[in-house]
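Breakdown of the fold
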Amino acid sequence: MARAAGARGCRRRWRCGRGALVACAAWTAGWVVAAALLLRAHPGALSERCTDEKSRRILAALCQDYRGGALAGDLCEDLCVAGKLLYRRCLYYNRGKKVLQADWRGRPIILKSKEEAFSSFRPPGLPGAPAEDQGPALLEAELLLLVAGEVRSALGLELATRGLGPLWPGHGGPRWRGQLASLWSLVQQEEFVLLSVLQGLSPHALPVLGSCGHFYAVEYLAAGSAHHRALFPLDGAPRGRARAVSDMALSFLDLVRQFDHGFSHRLHLCDVKPENFAIRRDLTVVAIDVDMAFFEPKMREILEQNCTGDEDCSFFDCFSRCDLRVHRCGAQRANSNLQVVCDKIFRHWFSSTLGSSAVSLRLQRQLREAVQECADPGGPRPAAPAMFWKLRRLLQAAQRELREAEK
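Everything quoted here is computed from the prediction, not taken from an experiment. (Residues numbered from 1 in each chain as written. Predicted model: local features only at pLDDT ≥ 70, side-chain atom pairs only at ≥ 80, totals over all residues. Heavy atoms only, no water.)

Another point: unusual backbone geometry. The phi dihedral of R105 is positive, around 55°, even though this residue is not glycine. Within the secondary structure, R105 is located in the loop between strand 2 (97–104) and strand 3 (107–113). You will see that L283, though not glycine, has its phi angle at about 70°, which is positive. Inspection of the secondary structure puts L283 in the loop between strand 7 (277–279) and strand 8 (285–287). (Helix = DSSP H or I, 4+ residues; strand = E, 2+ residues; numbered from the N terminus.)

Shown next as structure tokens:
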């Protein structure tokens, strides 16, 4: 009887322990899901603290590697020796990525790298090649093959020519090994590769100004923000707000048309928000953060995944549909750059009045309705070219009315 009582007690304790274990597992799973949702909505939530002290240490280590011959670049001399490239402030750190502001010969620029340390990048060399065979022994054709493979992996594109032109290492020389290692660290950064491919092809993409080791420089432009009434700072803009908004909207349309049709493959923007764009003084819109921009071949590769419903086929602002017959997401994107720009940018500008009595109420209503129709992913989808030209026509009409009012 004592053994029976002990067995019953043991079973009760086991049920109690098992219940506590289940409760603990459920609690832990809940926090894991909550953390995942937090990071999805706010990817910088667990980012490192951005400090001037650490940023200066990072650049000091970069210069030490330069002086030791481990890396090279056309900006290294100005940064590390001549004092013509001066650090100003830390902009942000995000999951390894470092973004710093500097002045280069009196011009404000941004220094970027996907990683903090030069040593974080894989060293160059053919697979399986011994270390002593790396360097000048790597034939130029073999190096081109390696870089082409990195470009194919990053962008889904075949490299037909030396698209990284000025950064291509020369033939031998005392800094050949550093040049090669620096180029290799840069082509492992998708944004650098994309900006290099777009170099000189679009006024809506930032040109790469130069590099030192794994850091590359681009033009500094003040990013947009939802805190600005017009989404972008209009200090010094030569026009009133209504005219500036219509000019920026037309520039966004030009960006959409060029990214859709101006390159060998469509360029998809999967993270459209004011913070990822800026404007020049002439109100030209520039994409300043293209970490989430993909050419068509890479976009198809990203979208074509297993699924149980359409919700599994979303990749930030880009999505396709789930084919339930084979449980695979379609490789073809279902929405468009224009639809997302209408939703994330134009709605802010045109959901209410333009703030100018110079634009007729009838035209403002037509603009508001067109933007709503363009942005609504659940409504009937008009043909994209027809919607593009409709918006363009309405914005140009608004510009004419504003110009007439200024006379």
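The tally for this structure, following the rule as stated, stands at 7 disulfides. For C63, the disulfide goes to C80, at an S-S distance of 2.1 Å. Here the disulfide of C63 and C80 is left-handed, its torsion about the S-S bond being about -80°. Placement of the pair is C63 in helix 2 (residues 52–67) and C80 in helix 3 (residues 76–82), with a sequence separation of 17 residues. Its relative accessible area of 8% is what places C63 among the buried residues. (Disulfide = S-S within 2.5 Å. Buried < 20%, exposed > 50% of the residue type's maximum accessible area, 1.4 Å probe, protein only.)

It is worth spelling out the sheet that holds strand 4 (residues 208–212) at this point. Across a sheet, paired strands are connected by hydrogen bonds in the backbone, their directions being either parallel or antiparallel. Pairing is antiparallel across the open sheet formed by 5 strands, whose spatial order is 1-2-3-5-4. Either end of the sheet is taken by a strand with one partner, and the two such strands are strand 1 (85–94) and strand 4. The sheet shows a mean angle of 25° between the axes of neighbouring strands, taken without regard to direction. Relative to strand 5 (residues 215–219), strand 4 is paired through 4 bridges, and the arrangement is antiparallel. When the bridges of strand 5 are listed, G210 appears paired with A217. Sitting on the sheet, helix 6 (residues 190–198) is in contact with strand 2, strand 3, strand 4 and strand 5, with an inclination near 50° to strand 5. (Pairing = 2+ DSSP bridges. Axes fitted to C-alpha atoms, helices over the stretch in contact; angles between N-to-C directions. Contact = heavy atoms within 4.5 Å.)

Under the criterion given, the structure shown has 28 salt bridges. A salt bridge links R122 to E150, with the shortest nitrogen-to-oxygen separation between them at 2.8 Å. Here R122 is found in the loop between strand 3 and helix 4 (140–155), whereas its partner E150 is found in helix 4, with 28 residues between them in sequence. Using a relative accessible area of 46% as the deciding quantity, one classes R122 as partly exposed. On the accessibility criterion, E150 (15% relative accessible area) is buried. Of the charged contacts in the structure, one is a salt bridge between E406 and R243, with a shortest N-O distance of 3.4 Å. Placement of E406 in helix 11 (residues 384–406) and of R243 in helix 7 (residues 241–261) is noted, with a sequence separation of 163 residues between them. The buried category is assigned to R243, whose relative accessible area is 14%. (Salt bridge = Lys/Arg side-chain N within 4 Å of Asp/Glu carboxyl O.)

Note that L402 resides in helix 11. Since its relative accessible area comes to 6%, L402 is described here as buried. On a C-alpha basis, the gap between L402 and S246 in space is 9.6 Å, while along the polypeptide they are 156 residues apart.

Before going further, it helps to examine the packing of aromatic side chains. Taken as a whole, this structure holds 14 aromatic pairs when the rule is applied. Between F232 and W349, the ring centres sit 6.5 Å apart and the planes meet at 55°, which makes this aromatic pair tilted. Taken as a pair, F232 in the loop between strand 5 and helix 7 and W349 in helix 9 (residues 337–350) lie far apart in primary sequence, 117 residues in all. Taking the relative accessible area as the measure of exposure, F232 reaches 1% and is therefore buried. For W349, a relative accessible area of 1% translates into the label buried. Between F294 and F315, the ring centres sit 5.8 Å apart and the planes meet at 65°, which makes this aromatic pair edge-to-face. Highlighted residues: F294 in strand 9 (residues 293–295) and F315 in strand 10 (residues 314–315), separated in sequence by 21 residues. Ring-pair connections join several aromatic residues into one group, and the members of that group are F232, F252, F277, F346, W349 and F350. Sitting over the ring of Y93, K98 keeps its end group 4.8 Å from the ring centre. (Phe/Tyr/Trp six-rings, centres within 6.5 Å; stacked < 30°, edge-to-face > 60°. Lys NZ or Arg CZ within 6 Å of the ring centre and 35° of its normal.)

So, about the side chain of K298. Residue placement: K298 occurs in helix 8 (residues 296–303). Among the residues examined, K298 registers a relative accessible area of 15% and is labelled buried. Not counting residues within four places of it along the chain, the set of residues in contact with K298 comprises S153, A154, L155 and G156.

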